[in-house]
Each structure stands twice: as C-alpha cells, then as structure tokens.
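Coordinate inspection notes
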Amino acid sequence: MTENENIAADETEAGQTQSSPTHSGFVALIGPTNAGKSTLMNRLVGAKVSIVSHKVQTTRAIVRGIAIHNNAQIVFMDTPGIFKPRRRLDRAMVTSAWGGAKDADLIMLLIDSERGIRGDAEAILEGLKEVHQPKILVLNKIDQVKREDLLKLAAAANEFVAFERTFMISATSGSGCGDLMDYLAAILPEGPWYYPEDQISDLPMRQLAAEITREKLFLRLHQELPYASHVETEKWEERKDGSVRIEQVIYVERDSQKKIALGKNGEAIKAISTASRKELSEILEQPVHLFLFVKVRENWGDDPERFREMGLEFPKS
C-alpha cells in the first residue's frame, strides 16, 4: 500500500469513528415513594433536574432529565412514587407514573434496599407483570445493607418479574452508577438524539423555578406543613441590568397552613426565599430577585387548573 493509500485509509477509519451510530431512548424510573428516584436521576444526569426532600410523594408529575453517555442520549423519566392512592391528587400521580412506564423504551425499577420488598414495592412488582417493556432492577442504598441480604433481595424481586439485569448502587455516593450508565447506553435503540446536546431537562424554566421553591418549602417545613401545598410562578421579568425578577405564589388550603408557611415574624418565608433565590441564581447564572406570596385556596386539590399547571391529568372522580 502506498503512502497516499495509507493516508486515505486512515482518513476513512477516522471518519467511521466520528460517524459511529448514535443511540437514544426513554428510561422510566419508577418505584415506591422515597426510594431515591430523584436523587438517582440528578446523579445520572449530572445536574439537578428533579427536586429532593424528606417528604413522601415530592415528585408530582413526570420530570425528564437528559444525559449523554457513550454516544447515547438517555432520557430519564422521573415518575411520581407509586403508592396506594387516597385522594384525587394521589390518583393522578399514580396514573402518571404508570403511564410514563408504559411509554418508555425501558423500565428501571428502583427499590430501597433497607426497606426491601413490602407494601408498595410488592404491589409495584405485581403491577409490572402486566407491563411488556424490558425491565431492569436497581437496588439503592447498598452501603446500608449486608451483601448477603442484597443478594436475597435481588433473588426475591426476580421471582416476581424477569428483569433483564440487576444493578446495585448508591444514588448518594454514585457507587455502581457508572456500570448502570454503560448498560443503558448500550441497550437503547440506535437512532438520532431527541434533544440538543446541551439540554438537560424539558422542564420550562418557570416550572423549574416553582419546583425549586417547593423543595425549599418542604425542606424547611416538612414536619409542620401538610402535603397540600403548591407553588406557581406568576411573573418572570428579565431586567435591563441582567437580573431577573420572579414572583411566585405558595398555595395552601387553610389559614392555619398560611401561618406555618409564613412563620413567626415571617422567618420561615424569608428562609425559604433566601434558599430558593440562591439556588436559582446558580442555575440561571444571573442575579435573581425573588418575591414569595402565600395565598389560601381551599380545596385546590380539586381544581383542574392546578392539575394542568403541575402537568397532571385531572381524574374525573
């Protein structure tokens, strides 16, 4: 082979490497409440796209987080925790979770290794028998459980459902997450990417800002404030000095809840505003002027408009 032929061959090989096929797909992350789904998605995406708190059922609608790994674009769908619904909002959230699972290319069931298979986890495993998409099992919080107990848990879960693979990880430390990402990137179908390379979520910024404030609300008052609270971004103004003015309303159902949200001498709402403003400034990379208001809206959980605002379908009954 001549020198020119060698150069041509090298260029061909380089071109083949650069034009290697891309992969993409949707991975539904489902599981019981407080199994660590939002923490795991933020870890896998490499940025905060889903809020995290100690309060159960924090995630209310499907949040999509987008990651690039090994020439694959993986679109994670963080779904609401699946549990036995009691209220209209509960039913909407559970319906949303199962709907997300059935729309995905792959289902990833996350189970808290400390809690194991009981209650909601067992019910989800039973429900997965009726879902036909490929499924993998992810055991979280493995650093809190003995290895022999993890193996028993994995075996027990696989008796319910024939999982393609089982992974053992810690969403908090990242242990095992690299192997999980390698697998997902390899198994998703070949095809073009759905989103621009630098996009990490499909959540509108106004809604993400409301979610950030709702997280701070729950982190500050998760023991005192009842579940029935909701945040909406009502005004977003880009100012000439490069800052942004954001006005948000925290909706509660009773005057007693409003007093809790405000706190003594307004201390609670000030702390929530400060924490939310700081994180929003970091995300937006610009100064943020955040103004929070608390309003009472009785039985907002029965208002179809509030459900649409959250990205949920309003249950008829």
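These figures come from a predicted structure and were not determined experimentally. (Residues numbered from 1 in each chain as written. Predicted model: local features only at pLDDT ≥ 70, side-chain atom pairs only at ≥ 80, totals over all residues. Heavy atoms only, no water.)

**Re the overall build of the protein chain**
Secondary structure assignment for the protein chain yields 10 helices and 9 strands. Expressed as a percentage of the 317 residues in the protein chain, the buried residues total 49%. Of the contacts made within the protein chain by residues no fewer than 6 positions apart, 71% connect residues no fewer than 24 positions apart. In the structure as shown, the protein chain presents an accessible area of about 15800 Å², 48% of it carried by carbon and sulfur atoms. (Helix = DSSP H or I, 4+ residues; strand = E, 2+ residues; numbered from the N terminus. Buried < 20%, exposed > 50% of the residue type's maximum accessible area, 1.4 Å probe, protein only. Contact = heavy atoms within 4.5 Å. Areas by Shrake-Rupley, 256 points an atom, 1.4 Å probe, with all protein chains shown as cover.)

**Thoughts on the sheet that holds strand 5 (residues 135–140)**
Read across the sheet, 6 strands follow the order 2-3-1-4-5-6 without closing on themselves; strand pairing throughout is mixed. The open sheet terminates on both sides in strands that have one partner only, identified here as strand 2 (63–69) and strand 6 (166–168). Neighbour-to-neighbour, the strand axes of the sheet open up by a mean angle of 25°, direction not taken into account. Two strands pair when backbone bridges link them, and strand 1 (residues 23–30) and strand 4 (residues 106–112) are joined in this way by 4 bridges, in the parallel orientation. Residue pairing across strands places Leu-29 opposite Met-108, the latter belonging to strand 4. (Pairing = 2+ DSSP bridges. Axes fitted to C-alpha atoms, helices over the stretch in contact; angles between N-to-C directions.)

**Concerning the packing of aromatic side chains**
This structure, assessed with the given rule, holds 2 aromatic pairs. For the ring pair Phe-26 and Tyr-194, a centre distance of 4.9 Å and an interplane angle of 55° mean the geometry is tilted. Placement of the pair is Phe-26 in strand 1 and Tyr-194 in the loop between helix 6 (177–187) and helix 7 (205–221), with a sequence separation of 168 residues. The class for Phe-26 is buried, based on a relative accessible area of 17%. With centroids separated by 5.3 Å and ring planes inclined at 55°, the aromatic side chains of Phe-167 and Tyr-183 adopt a geometry described as tilted. (Phe/Tyr/Trp six-rings, centres within 6.5 Å; stacked < 30°, edge-to-face > 60°.)

**Overview of the packing of helix 8 (residues 255–262) against helix 9 (residues 267–284)**
Remark: helix 8 packs on helix 9, axes separated minimally by 5 Å, with the N-to-C direction vectors making an angle of 60°. Our classification of the angle between helix 8 and helix 9 gives oblique. Residue-level contacts link Ile-260, Ala-261 and Leu-262 of helix 8 to Glu-267, Ala-268, Ile-269 and Ile-272 of helix 9. Here the contact of helix 8 with helix 9 is built from residues that sort into 6 nonpolar, no polar and 1 charged. (Parallel < 35°, antiparallel > 145°, perpendicular 65-115°, else oblique. Nonpolar A, V, L, I, M, F, W, Y, C, P; charged D, E, K, R; others polar.)

**Comments concerning the side chain of Arg-214**
Along the polypeptide, Arg-214 turns up in helix 7. A polar atom in the side chain of Arg-214 sits 3.0 Å from the side chain of Glu-211. (Polar contact = N/O pair within 3.5 Å; in protein donor to acceptor, adjacent residues only side chain to side chain.)

**Considering the environment of Leu-128**
For Leu-128, the position within the fold is in helix 4 (residues 120–128). Taking the relative accessible area as the measure of exposure, Leu-128 reaches 1% and is therefore buried. Sequence separation of Leu-128 and Leu-109 is 19 residues, and the distance between their C-alpha atoms is 9.3 Å.

**Here's the deal with the nonpolar core**
Counting residues in each nonpolar core, the largest one holds 28 residues, and the members touching the most others are Leu-40, Phe-76, Met-108, Ile-136 and Leu-184. Among the elements of the structure, strand 1, helix 2 (37–45), strand 2, strand 3 (72–78), strand 4, strand 5 and helix 6 are those that each provide at least two residues to this core. Top contributing element to this core by residue count: helix 6, with 6 residues. (Core = buried A, V, L, I, M, F, W, Y, C linked by side-chain atoms within 4.5 Å.)

**Some thoughts on the packing of helix 2 against helix 6**
Put simply, helix 2 and helix 6 touch, their axes get as near as 11 Å, and they point 75° apart. Of the possible angle classes, the one that applies to helix 2 and helix 6 is roughly perpendicular. Contacts from Leu-40, Arg-43 and Leu-44 in helix 2 reach Cys-177, Leu-180 and Met-181 in helix 6. Grouping the amino acids of the contact of helix 2 with helix 6 by side-chain chemistry returns 5 nonpolar, no polar and 1 charged.

**A short note on unusual backbone geometry**
Look at Asn-70: it is not a glycine, yet its phi comes out positive at around 50°. Mapped onto the fold, Asn-70 is located in the loop between strand 2 and strand 3. One non-glycine residue, Lys-141, lies in positive phi territory at about 65°. Relative to the assigned elements, Lys-141 resides in the loop between strand 5 and helix 5 (147–160). For Lys-141, a relative accessible area of 25% gives the class partly exposed.

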